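Summary of structural features
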Amino acid sequence: MSPKPITGGSGGAAGIEVALPHPGTSRPAGLTRFLESERLLAALLLSPTVILLGLFIAYPFVMGVWLSLSNTSVGNPGTFVGIHNFVKAWNDSIFQTAFRNTVFYTFWATIFKLTLGMWLALLLNRNFHGKRIVRASMLLPFIVPTVLSTFAWRWMFDPTFSVLNWLLYQTGFITTKLPFLSDGTYGMWCAIVVNTWRGMPFFAISLLAGLQTISPDLHEAASLDGANGWHRFWQVTWPLLKPVTLVVVVFSVIQTFSDFQLIYVLTGGGPANATHLLATYAYQIGVATGLLGEGAAISLFMLPVLFLVVWLQLRYLRRLEGV
Amino acid sequence: MVIERRWKRWVYFYIPLTVFVIGTLFPFYWMFITSIRPDAELYRSWRAANNAPFWTLHPTLEHFQDLMAKTSFPHWLWNTFFIACASTLISLFCGLLAGYALGRLKFPMAGTLGTSIFVTYLVPPTLLFIPLANIIRTFQLGDTPWALILTYPTFLIPFSTWLLMGYFKTIPKELEECARIDGATRFGAMIRIIFPIAVPGILSAGIFAFTLSWNEFIYALVFLSSPEKKTVPVGVVSELIRGDIYFWGQLMAGALLGSIPGALVYSFFVEYYVTGLTGSVKG
Amino acid sequence: MGVSESQIPSHVPTRTSRRTFVKTAGIAALAAGGIESILSARRAPAFAQGTKLHWVRWVDFIPESDVELKRQMPEASKALGAEVVLETINANDLQPRITAAVQSGAGADIFNFQYNWAHLYQNAVVDVSDVAGTLGKTEGGFYEIYPPSCSVNGKWLSVPHSIIGNAVAYRKSWLKEAGASEYPKTWDEARKLFAVLKKKGKPYGQTLGHTFGDAPTFTYTMLWAYGGAETDKSGKKVVLNSKGAVDSVKFMQAFWKECCDEGGLAWDDTNNNRAFHAGEISATLNGASIYIVAKRQKDKIKDDKGEPMWPDIDHAPLPAGPAGAYLLFLNQSDAIMKYSKNVKLAKDFLTWIHKTENYEKWFKSQEGYSVGPTKVWEKNPMWATLDPPLKMFRTAAQNTRLFGYAGPSTAKATEVFTKYIITDMYAKGVQGMSAEDAVKWANGELKKIYEA
């Protein structure tokens with residue numbers, strides 16, 4: 001029988017929960033009574049987070065919003081211009097390209113990462129020789145600093161020295177060099193490949209953890225009932241993995257949508273803006289051109305899209321676990 | 001029937017796994033070969049007859065030596081490690097407390113607060129770094145590791161909070177009730193009962209936080225300026241890409257050496273993490 | 001303020017006033033610091049005041065020059081009585097650092113500026129007309145490119161430092177095999193020649209990507225060679241959509257397909273150097289770094305016969321189009337930031353750096369990669385000692401234009417530049433867009449910037 005909290009009224013004192021006396025203990029005194037209160041404890045526990053995030057995100061964010069509503073440029077304090085920057089960005093053909101690219105990039109990279117990550121997680125879930133080493137080594141793409149591994153990929157895709165071209169050429173698949181990064185379409189797919197390579201371990205390890213919580217008894221029961229591997233996956237595994245998957249997908253979408261480093265290092269947004277993303281374009285406008293207000297506005301365009309995607313997924317998640 | 005099963009195992013398991021392993025690790029092999037390849041070979045044309053991209057007959061350690069001796073690489077390694085550890089600890093601390101509060105305590109605005117912590121994650125660093133520069137200056141943290149140690153948690157805390165919140169939600173309330181009936185305070189129950197159960201969650205949040213801090217680039221680029229204070233990503237890129245010339249050998253050596261601490265942390269904790277996970281959730 | 005009797009060392013006469021004591025001790029410390037600093041170039045000398053002057057420059061494409069500059073820092077520290085620190089960062093990282101520093105009001109005291117950044121950051125830098133004016137007067141006048149790019153409304157906002165010239169580096173023997181005894185003088189001749197060379201697998205190579213160095217020097221000059229311009233003389237009206245521009249794009253489309261390494265769309269400023277050194281391309285527009293590096297690393301950079309490549313490299317001026325041959329050079333200058341607390345010190349430092357005996361040492365280490373800010377450096381005996389292929393860089397800075405032509409090079413021109421609109425105009429044309437459409441697109445983008 002759990003004690004019922006007596007709450008009510010507004011303001012401090014009335015919110016204190018009165019615990020029914022437990023057998024064998026005396027009334028908790030002073031500090032401990034303070035810590036017993038759910039509300040006050042919550043406030044205490046949340047305070048470091050709130051302070052840190054408030055200072056280093058909320059405040060800069062508000063300043064960032066102000067920037068986007070002004071015509072500030074480097075060294076010149078701006079004046080309020082309302083939504084002028086947003087309108088200018090919306091009509092900018094490079095912005096439109098960057099926006100389309102970002103959606104395309106995020107969509108395909110996430111799908112690949114999810115499918116491959118899930119597959120890899122299923123494979124790693126089994127017992128085999130060298131399981132530990134393989135599991136650990138699969139994480140390497142995620143561990144290497146992004147900047148450096150992207151340089152390595154850039155070297156592999158290099159227009160002149162690409163080892164991939166060499167390989168394909170020697171094995172007779174191609175007769176002329178593939179324009180990995182010199183062609184707009186190729187360039188985008190190369191970026192997606194690198195992003196998938198880098199992000200798949202994150203999916204795999206999280207889904208693996210989720211898989212490990214599924215009791216093998218469930219699988220046994222299902223196979224006794226006559227289900228084969230494919231069915232078992234869809235009927236047993238997938239429903240139980242949905243919550244974990246959703247959380248992982250949400251975070252991955254956020255990271256990929258606002259990705260900056262990978263494109264900056266791999267292609268710089270080229271050729272001719274074919275691989276520009278919102279983050280790289282915002283950076284180019286804000287820093288290289290010095291138009292901070294416009295750069296901030298472009299960055300902010302990401303927010304509603306992300307918010308919508310995340311909100312939809314969270315609603316779905318809440319439906320799954322709530323009921 | 002045994003033969004059939006073995007065939008199936010190969011097709012459905014061994015071959016896909018091998019493909020995954022090769023695909024994932026090939027770039028590392030490539031990085032390794034480049035880092036031990038002498039410069040003369042690095043400059044060769046791809047059509048040269050003796051071009052052997054996959055191996056080298058004259059391996060050399062000169063890139064590694066140059067990297068350690070002629071650049072501040074050891075400093076960068078230490079800086080990045082220190083900053084990553086400190087940010088991870090701070091974000092775990094905040095995330096743990098916040099995750100518990102949001103996951104197990106009832107109080108008004110819980111939902112809103114949870115969502116708003118999450119929403120801060122949506123704000124891109126490419127927007128934040130300019131206003132942040134102002135704050136860093138106000139607190140005079142410029143060119144010190146503290147500029148990063150205090151700003152990294154901004155993207156680490158939301159994720160840690162959410163992960164741990166999820167863990168805490170799955171722990172049955174009865175555990176706490178029992179402890180309190182036995183005389184423990186709520187706070188005591190939190191620390192002694194609940195937190196230990198969430199250790200796998202704490203570890204996985206910690207691992208990801210460490211990795212994300214290690215990888216971060218733009219804040220490190222903008223807030224640090226002295227060469228000895230830089231982190232590995234920024235230092236390697238700024239010192240080893242000198243205008244016209246990329247020192248590929250050293251770049252790749254730097255990439256490999258720069259991954260070692262992370263790999264060590266992972267190999268130590270992942271073991272613990274996976275066994276801990278399977279152990280704790282049974283029953 | 002109490003220095004008790006017992007604390008004064010016995011060998012100091014107690015009748016000496018405290019002031020003299022402190023002064024002597026201070027001077028002794030300075031001297032000790034100074035001597036030590038000469039002995040070890042690395043260690044920062046310890047000065048009584050603790051003032052630090054922070055100078056940020058790009059990582060020079062000629063590494064030896066950075067070594068020379070860093071060597072000069074302790075000397076400067078001694079001469080000025082404060083610690084001078086030089087930090088070199090990647091050129092692409094200059095702008096984010098400047099932006100963060102300006103917006104937060106703290107950072108390095110002096111930043112290395114490129115092109116016409118003085119216009120871009122005009123409200124964040126200090127008026128340096130005194131330093132620049134004196135320098136110009138004592139050295140016989142700056143090159144024509146400097147006043148428009150480094151001074152705004154008659155005030156010098158950055159002190160000119162050097163100009164990096166560019167020319168076409170080419171393989172003499174390959175051109176000879178294809179029947180050219182000297183580098184083509186017009187673009188049409190070049191087109192014929194390189195079509196032959198491309199068929200032999202030795203194309204011309206250039207980037208059309210988003211780079212700050214090679215791409216603009218190739219594309220803007222192509223536009224000018226055909227008579228195109230971004231704006232009229234007033235700088236207010238956009239005139240890009242003209243026959244000259246369309247012709248230049250048409251030429252580029254043909255030249256690219258017939259003569260160029262088409263991977264160039266993904267190249268950055270280093271790819272053409274590497275491709276040239278690997279023997280993949282026969283010619284490319286670049287600074288003198290290709291030759292200089294090939295010579296300095298002669299045992300690593302060889303031609304296909306196994307011989308060092310550098311004797312086979314020569315330079316030629318950019319070919320001319322129907323409207324002539326024009327050049328775009330990267331001009332460097334140094335600006336003092338307004339937020340700096342050491343403005344006077346910074347000005348003294350810049351004067352010191354440009355003193356003939358100091359500048360000359362740096363200048364010599366460049367081996368012709370840059371020219372000085374003033375014409376007097378053309379007469380420097382170093383030029384006579386250089387290899388023949390480098391000699392043509394001596395008069396490099398004489399006939400250059402800056403972007404924004406034909407109007408003044410203002411912040412709007414910089415916006416066009418940093419958005420790579422002109423470069424993209426050619427990149428789009430080369431990737432399949434019709435020349436007219438590409439020019440129309442670029443014209444539209446320019447209008448949005450100039451006539452917003």
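Keep in mind that this is a model prediction, so the values were computed, not measured.

1. Some thoughts on the overall build of chain A
Per the secondary structure count, chain A includes 15 helices and 0 strands. Within the span of chain A, comprising 323 residues, buried residues form 46% of the whole. Taking contacts inside chain A between residues at least 6 apart in sequence as the whole, the part at least 24 apart equals 66%.

2. Some details on the environment of I89(C)
Along the chain, I89(C) falls in strand β2 (residues 83-89). C-alpha separation for the pair I89(C) and R57(C), spaced 32 residues apart in sequence, amounts to 6.4 Å. The residues contacting I89(C), other than those within four sequence positions of it, are S238(B), V56(C), W58(C), V59(C), L94(C) and R97(C).

3. A word on the interface of chain B and chain A
In this assembly, 78 residues from chain B lie in contact with 78 residues from chain A. For the side of chain B that touches chain A, the residue count by class is 55 nonpolar, 19 polar and 4 charged.

4. Digging into the nonpolar core
Ranked by internal contacts, the top residues of the largest apolar core, which has 296 residues, are A204(A) and L278(A). Residue contributions to this core peak at 13 residues, all from helix α4 (residues 73-104) of chain B. Excluding anything up to four places from it in sequence, L278(A) contacts A98(A), F99(A), T102(A), I298(A), F301(A) and M302(A).

5. Some details on the confidence of the model for chain C
Residue and element names in this part refer to chain C. Residues with a pLDDT of 70 or more make up 89% of chain C, whose mean pLDDT is 83. Within the model, pLDDT remains below 50 along residues 1-48, and this stretch shows 30 contacts once partners closer than five positions in the same chain are excluded. As scored by the predictor, the complex reaches a pTM of 0.81 and an ipTM of 0.80.

6. Quick notes on the interface of chain A and chain C
On the chain C side, the residues contacting the 22 residues of chain A number 31 residues. A per-element tally of the side of chain A that touches chain C places helix α13 (residues 278-288) of chain A first, with 3 residues. Taken together, the residues of the side of chain A that touches chain C sort by class into 8 nonpolar, 13 polar and 1 charged.

7. Quick notes on the domain arrangement of chain C
Residue and element names in this part refer to chain C. Taken as a whole, chain C is organised into domain 1 (47-164 + 330-385) and domain 2 (167-329 + 392-450). Here domain 1 and domain 2 have C-alpha centroids that lie 28 Å from each other. The interface of domain 1 with domain 2 comprises 21 residues on the first partner and 20 residues on the second. At the level of secondary structure, the elements contributing two or more residues to the side of domain 1 that touches domain 2 comprise α4 (117-120), α6 (146-150), β6 (159-164) and β11 (330-336). For the side of domain 1 that touches domain 2, the class distribution of residues is 14 nonpolar, 5 polar and 2 charged.

8. A short note on the sheet that holds strand β8 (residues 283-286) of chain C
All names here are of chain C. One open sheet accounts for 3 strands, arranged β8-β7-β9; its pairing is antiparallel. Two strands lie at the open edges of the sheet, namely β8 and β9 (313-316), each paired on one side alone. Shown here is a sheet whose adjacent strand axes are inclined to one another by a mean of 30°, direction ignored. Bridge count for strand β7 (residues 167-171) against β8 is 4 bridges, and the pairing is antiparallel. Looking at the pairing, V168 lines up with L285 of β8. Lying on the sheet, helix α12 (residues 289-296) is in contact with β7, β8 and β9; it crosses β9 at an angle near 165°.

9. Here we look at unusual backbone geometry
Residues and elements named next belong to chain C. In this structure, A406 follows Y405 across a cis peptide bond, with omega equal to 15°. Here A406 lies in the loop between β13 (400-401) and α17 (411-418). Here the phi dihedral of Y420 falls at roughly 55°; this positive angle occurs in a residue that is not glycine. Summarising the element assignment, Y420 is placed in the loop between α17 and α18 (421-430). A residue is classified by how many C-beta atoms lie within 10 Å of it, and Y420, with 26 of them, is buried.

10. Quick look at the packing of α17(C) against helix α19 (residues 435-450) of chain C
Residue and element names in this part refer to chain C. Running from N to C, α17 and α19 cross one another at 145°; their axes reach a closest spacing of 10 Å. As for how α17 packs across α19, the hand of that crossing is right-handed. Taking contact as the criterion, the partners of K412, E415 and V416 in α17 are, on α19, L446, I449 and Y450. Here the contact of α17 with α19 is composed, by residue class, of 4 nonpolar, no polar and 2 charged.

11. Section: the sheet that holds strand β3 (residues 110-114) of chain C
All names here are of chain C. Read from one edge of the open sheet, 6 strands run β2-β1-β3-β11-β6-β12, paired in mixed fashion. Lying at the two open borders of the sheet, with one neighbouring strand each, are β2 and β12 (370-371). Here strand β1 (residues 52-58) runs beside β3; their pairing, made up of 2 bridges, is parallel. By the bridge assignment for β3, W55 is matched with I110. Seen against the sheet, helix α3 (residues 94-104) touches β1, β2 and β3 and runs at an angle of roughly 130° to β3.

Procedures and definitions
- Residues numbered from 1 in each chain as written.
- Chains lettered and ligands numbered in written order.
- Predicted model: local features only at pLDDT ≥ 70, side-chain atom pairs only at ≥ 80, totals over all residues.
- Helix = DSSP H or I, 4+ residues; strand = E, 2+ residues; numbered from the N terminus.
- Buried ≥ 20, exposed ≤ 12 C-beta atoms within 10 Å, placed from the backbone.
- Contact = placed C-beta atoms within 7 Å.
- Nonpolar A, V, L, I, M, F, W, Y, C, P; charged D, E, K, R; others polar.
- Core = buried A, V, L, I, M, F, W, Y, C linked by C-beta atoms within 7 Å.
- pLDDT = per-residue confidence, 0-100.
- Domains from an automatic or database assignment.
- Pairing = 2+ DSSP bridges.
- Axes fitted to C-alpha atoms, helices over the stretch in contact; angles between N-to-C directions.
- Left-handed = near helix turned anticlockwise from the far one by under 90°.

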